[in-house]
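As a plain string of letters, each chain reads:
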Amino acid sequence: MVEANYGGNMARQILSQAWDQLAREGETHGQLMPLIVEVNAKVGKRLRAGPVTQLYEPGRVHHVGHYPELEGQMVTWVAGMDSPDRMDAAVHGLTELAGGSCRAPRSSTPSP
């Protein structure tokens, strides 16, 4: 996923170039490049993360492996802090995997 409104074209180009390089080196084993999904960070992080939080609480989401940096961001972030990269990516990814069922409502107020 790339944030379309924050350098999405550059991120898409870098990922495509990296995949092409891996293909030239024979590292992709004939696989197609993974889909790049563009997301727009139009609403505040707290509003965006709220529905995803509700997936964690009943145990509908769990992580396989150990991700101390992500877990640290998830338990220490409070509204108003700088955007934590790993947590933001997890929120966007889980929103996509949930099929949009946990998308935050659109807001006309600027994001924090």
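Throughout this description, residue numbers start from 1 for each chain and increase along the sequence as written. Local features in this predicted model are restricted to residues of pLDDT 70 or higher, and side-chain atom pairs are both shown and tallied only at a pLDDT of 80 or more, whereas totals for entire chains, interfaces and linings draw on every residue. Only heavy atoms go into the side-chain values, all of them from the structure, while hydrogens and water stay out.

### Some remarks on the overall build of the protein chain
Move 1: Helix and strand assignments follow DSSP, with helices taken as H or I runs no shorter than four residues and strands as E runs no shorter than two, numbered in order from the N terminus. Within the protein chain, the regular secondary structure consists of 4 helices and 2 strands.
Move 2: When the helices and strands of the protein chain are placed in sequence order, the string is β-α-β-α-α-α.
Move 3: Each residue is placed in one exposure class: buried if its accessible area under a 1.4 Å probe, protein chains only, is under 20% of its type's maximum, exposed if it is over 50%, and partly exposed if it falls in between. Per-residue burial for the protein chain yields a buried fraction of 28% across its 112 residues.
Move 4: For this analysis, residues touch if any pair of their heavy atoms sits within 4.5 Å. Counted over contacts in the protein chain with a minimum sequence separation of 6, partners at least 24 positions apart contribute 63%.

### What about the packing of helix 3 (residues 68-76) against helix 4 (residues 85-97)?
When two helices pack together, their arrangement is given by the angle between their axes and by how far apart the axes lie.
Move 1: Put simply, helix 3 and helix 4 touch, their axes get as near as 8 Å, and they point 85° apart. Considering their axes alone, helix 3 and helix 4 lie roughly perpendicular with respect to each other. The segment helix 3 lies against helix 4, with Glu69, Leu70, Gln73 and Met74 engaging Asp85, Arg86, Met87 and Ala90. Note on definitions: angles span 0 to 180 degrees between N-to-C directions of axes, and those axes are lines fitted to C-alpha atoms, for helices only across the stretch in contact. Comment on the angle field: the value is read as roughly parallel under 35 degrees, roughly antiparallel over 145, roughly perpendicular from 65 to 115, and oblique elsewhere.

### Here we look at the environment of Gly50
Move 1: Looking at the secondary structure, you find Gly50 in helix 2 (residues 45-56).
Move 2: Separated by 41 residues in sequence, Gly50 and Val91 have C-alpha atoms that sit 9.2 Å apart.

### What to know about the pattern of salt bridges
Move 1: Salt bridges are defined as contacts in which a side-chain nitrogen from Lys or Arg sits within 4 Å of a carboxyl oxygen from Asp or Glu. In the structure shown here, the tally under the stated rule is 1 salt bridge.
Move 2: A salt bridge links Asp85 to Arg86; the nearest nitrogen and oxygen atoms lie 3.6 Å apart.
Move 3: For Asp85, a relative accessible area of 49% translates into the label partly exposed.

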